[in-house]
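Each chain is listed here by its residues.
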Amino acid sequence: MGIYLNPGNEQFAVSVNSELYVDKTDLITYTNSRIGKDRPLICSSRPRRFGKTMAVTMLSAYYSKGCHSENLFMGLNISQNEIFKMHLNKYNVIFWISSGCTEMRLRK
């Protein structure tokens, strides 16, 4: 099973600390630009084995009130963005992964 509401950042920390990690935190910058818009939905489809789960664990680690992730993101592209701290760990996150479906929702 797992924690569905405000999960921690442990899964993303494992990814960041692996030898194969590629910084894709620019997705956070784009996601931040959609918050509060008329159509805030984002569809990120990719082929099998292309990092969908890693991307969602990254977004969850960034937005979730369930952890403190500032140190985890330091040195990554997003930390250079002027609004880095604006949305950092400020939302309730529902995190759910099912075969064929990955979903994350933000609520203040």
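Here the structure is a predicted model, which means the values were calculated and not measured.

Chemist: Tell me what's going on with the environment of Asn 32, and back it up with residues and numbers.
Modeler: Checked against the element boundaries, Asn 32 lands in helix H2 (residues 26–34). Beyond its immediate chain neighbours, meaning those up to four positions away, Asn 32 contacts Tyr 62, Tyr 63, Ile 83 and His 87.

Chemist: Explain H2 residue by residue, including any values.
Modeler: Turning to H2, its buried residues number three or more, namely Leu 27, Ile 28, Thr 31 and Asn 32. Buried residues of H2, seen end-on, are gathered within an arc of 140° and therefore sit on one face of the element. On its buried face, H2 sits against helix H3 (52–63) and helix H4 (70–73). Just past H2, the residue Gly 36 takes up positive phi, approximately 85°.

Chemist: Pulling in residues and values, what's your account of the packing of aromatic side chains?
Modeler: Applying the stated rule across the entire model yields six aromatic pairs. Seen in terms of ring centroids, Tyr 62 and Phe 73 are 5.7 Å apart; in terms of plane orientation they differ by 85°. Their pairing is edge-to-face. Here Tyr 62 is found in helix H3, whereas its partner Phe 73 is found in helix H4, with eleven residues between them in sequence. With respect to class, Tyr 62 is no different from Phe 73; both count as buried.

Calculation notes
Residues numbered from 1 in each chain as written. Predicted model: local features only at pLDDT ≥ 70, side-chain atom pairs only at ≥ 80, totals over all residues. Heavy atoms only, no water. Helix = DSSP H or I, 4+ residues; strand = E, 2+ residues; numbered from the N terminus. Contact = heavy atoms within 4.5 Å. Buried < 20%, exposed > 50% of the residue type's maximum accessible area, 1.4 Å probe, protein only. Arc of directions from axis to C-beta. Phe/Tyr/Trp six-rings, centres within 6.5 Å; stacked < 30°, edge-to-face > 60°.

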